[in-house]
Amino acid sequence: MYADPPAPRARGRNEAPPPAPTGPDGVQHPWRFNPDYTRLVEAWEEVLPRLETLSTALDKAYSLARSPQTWDAPVGERYVEDIREWRRSLALYRHAVLTAISDAAEDTPRWVRTTDVPQPFW
């Protein structure tokens, strides 16, 4: 089994943006929370419960398939191996999806400068 990568963190209640930098034009540009980062947090929160549901369903099917009361024929082991392979494939898929979201969140800045500050015309 793979360990889940770190989840992107939603904006904290008391989290403040960095100090507003002064641009080359001498105007301070305030920060806002990056909407792309917010979408990654939402994607994580949407995908994780669905993956958990799939994993739970396959785990239940696997435990039922391994039960001696389920199969009394030698062919039953083939079905158990199929479910075992599906569980392995789901674990790989889960790891790939969550890692992709986590890596994208790692590369995405949490705060971005706003450009909606009035700019002087030259």
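Residues numbered from 1 in each chain as written. Predicted model: local features only at pLDDT ≥ 70, side-chain atom pairs only at ≥ 80, totals over all residues. Heavy atoms only, no water.

Going through the model one piece at a time under the given rule, you end up with two aromatic pairs. Aromatic pair phenylalanine 33 and tyrosine 37: ring centres 5.9 Å apart, planes at 90°, arrangement edge-to-face. Here phenylalanine 33 falls in the buried class, since its relative accessible area comes to 14%. By relative accessible area, tyrosine 37 is classed as buried at 5%. Between phenylalanine 33 and tryptophan 111 the ring centres are 5.2 Å apart and the planes differ by 85°, which places this aromatic pair in the edge-to-face class. With phenylalanine 33 in strand E1 (residues 31-33) and tryptophan 111 in strand E2 (residues 111-113), this residue pair connects regions lying 78 residues apart in the sequence. Look at tryptophan 111 and you get buried, because its relative accessible area is 12%. A cation sits over an aromatic face here: arginine 87 above tyrosine 62, 4.4 Å from the ring centre. (Phe/Tyr/Trp six-rings, centres within 6.5 Å; stacked < 30°, edge-to-face > 60°. Buried < 20%, exposed > 50% of the residue type's maximum accessible area, 1.4 Å probe, protein only. Helix = DSSP H or I, 4+ residues; strand = E, 2+ residues; numbered from the N terminus. Lys NZ or Arg CZ within 6 Å of the ring centre and 35° of its normal.)

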